[in-house]
Amino acid sequence: MAQPEYSVIVPAYQAADVIADCVRALAQQTVDRARYEIIVVDDGSTDATGDVARETGADRVLRIAHGGPAAARNAGIEAAQGEIVLFTDADCEPAEDWVAQMVAPFGDPQVMGVKGTYRTKQPSLIARLVQLEFEIRYERMAELPRIDFVDTYAAGYRRALFVTHGVFDTAYIAAEDVDLSFRLTRAGHWLVFAPDAWVWHRHPATLGRYLARKARFGYWRALLYVRYPDKISGDAHTDPALKPQFALAALLGLAVIVGVFWRPAWIVALLLFVLFLVTTLSFVRWAWRRDRAVALIWPGVTLLRVVVQGLGLAVGLLRQVVK
């Protein structure tokens, strides 16, 4: 094919069951197919990921030793020919105008990076909760002229940035895209939100998988906070209620432990629990008009989320201290 304007990179590991939908969707965009290339990076899969990707329309399939998503994306960047590099994940199915929506903001030469959105078709209660959790964040981002947080399920960058600021840091097994975002915004580059650039995604459908993802994210957040202490105060993506919720959950746990030995502490624990519930009411009111079942379970799920994510963060910080 002729020199493409855009390169779409998809890291894939053991993705034979999902990569076909992703590549087919990418191959059927509203943008002229000759203007972009599809690069699938097979991250050492032992299934038929690479073969399926090739058969369903990928222009190039690169096979590398298993090194995680950061290494796979870096291999794709090295092979990319387009001046705009787009990223999505193997379990995502981009809308037919996704490429067009992602590249449109780059018409402004000041824009260096673009973030899109998730949607889901899943009927499960937890998947619906995850989607609304994203959507309230999208509403906040839509009000900002620039953002500091781009997720690689729907991301785009000018390729020149990788020359001047480096690629994804393979020290991260997760949150490598957040590290890159923080690095670029620290250097003064403009990142923007494109709410109409969406991909279908398979969210965690069970509470266990949801909490496991939150614990993992908390663990890798520790490295981010060590590198970017200014982000402890917040970023464009993180729920502003999360920090007080962490504090209240920690105090609640302490009060419960003390209550085992000194019964009056249970009164303090009850008060802290009520205060924690109050911090969830803003989302409950917002979600009530959209999905009442999600609104009803949100306070309990949030408490569990804060506990496991806080523990993940604590373990991650401890690891950074003892390194």
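Asker: Tell me about the sheet that holds strand β3 (residues 60-64), and name the residues and values.
Answerer: Strand order in the open sheet formed by eight strands is β3-β2-β1-β4-β7-β6-β8-β5, with mixed pairing between adjacent strands. A strand with exactly one partner marks an edge of an open sheet, and here the two such strands are β3 and β5 (92-94). Taking the axes of each pair of neighbouring strands and ignoring which way they run, one obtains an average angle of 30 degrees across the sheet. Pairing geometry for strand β4 (residues 84-88) and strand β7 (residues 154-158), over five bridges, is antiparallel. Bridge assignment links Thr88 to a residue of β7, and that residue is Ala154. Across the sheet, helix α3 (residues 69-79) is in contact with β1 (6-12), β2 (36-43), β3 and β4; its angle to β2 comes to roughly 145 degrees. Relative to strand β6 (residues 111-119), helix α5 (residues 125-142) is tilted by about 145 degrees, and along the sheet it contacts β6 and β8 (190-201).

Asker: Residues and numbers for the pattern of salt bridges, please.
Answerer: Taken as a whole and assessed by the stated rule, the structure comprises 22 salt bridges. Asp21 is the partner of Arg24 in a salt bridge, and the nearest nitrogen-oxygen pair spans 3.7 Å. Note that Arg24 and Asp21 are positioned in helix α1 (residues 19-27) at a spacing of three residues, about one turn of the helix. Between Arg137 and Glu133 there is a salt bridge, with its nearest N and O atoms 3.5 Å apart. Of this pair, Arg137 and Glu133 both sit in helix α5, four residues apart, roughly one helical turn. Neither residue differs from the other here; Arg137 and Glu133 are each classed as buried. Each of the salt bridges in this network shares a partner with another, and the network as a whole consists of Glu133, Arg137, Lys214 and Arg305.

Asker: Quick rundown of the pairing of β7? Include the residues and the values.
Answerer: With respect to burial, β7 is a largely interior element, five of its five residues being buried. By the alternation rule, side chains of β7 split into Ala154, Gly156 and Arg158 and Ala155 and Tyr157, which are all buried. Of the strand pairs in this sheet, β6 and β7 are connected by three bridges, and their pairing is antiparallel. Each residue of the ladder has a partner; that of Val114, found in β7, is Gly156.

Asker: Residues and numbers for the pairing of β3, please.
Answerer: Pairing geometry for β2 and β3, over five bridges, is parallel. Bridge pairing links Asp42 to Arg63 in β3. In this region the chain leaves β2, passes through helix α2 (residues 49-55) and returns to the parallel neighbour β3; the handedness of that crossover is right-handed.

Cut-offs and rules
Residues numbered from 1 in each chain as written. Predicted model: local features only at pLDDT ≥ 70, side-chain atom pairs only at ≥ 80, totals over all residues. Heavy atoms only, no water. Pairing = 2+ DSSP bridges. Helix = DSSP H or I, 4+ residues; strand = E, 2+ residues; numbered from the N terminus. Axes fitted to C-alpha atoms, helices over the stretch in contact; angles between N-to-C directions. Contact = heavy atoms within 4.5 Å. Salt bridge = Lys/Arg side-chain N within 4 Å of Asp/Glu carboxyl O. Buried < 20%, exposed > 50% of the residue type's maximum accessible area, 1.4 Å probe, protein only. Right-handed = clockwise from strand over helix to strand, strands pointing away.

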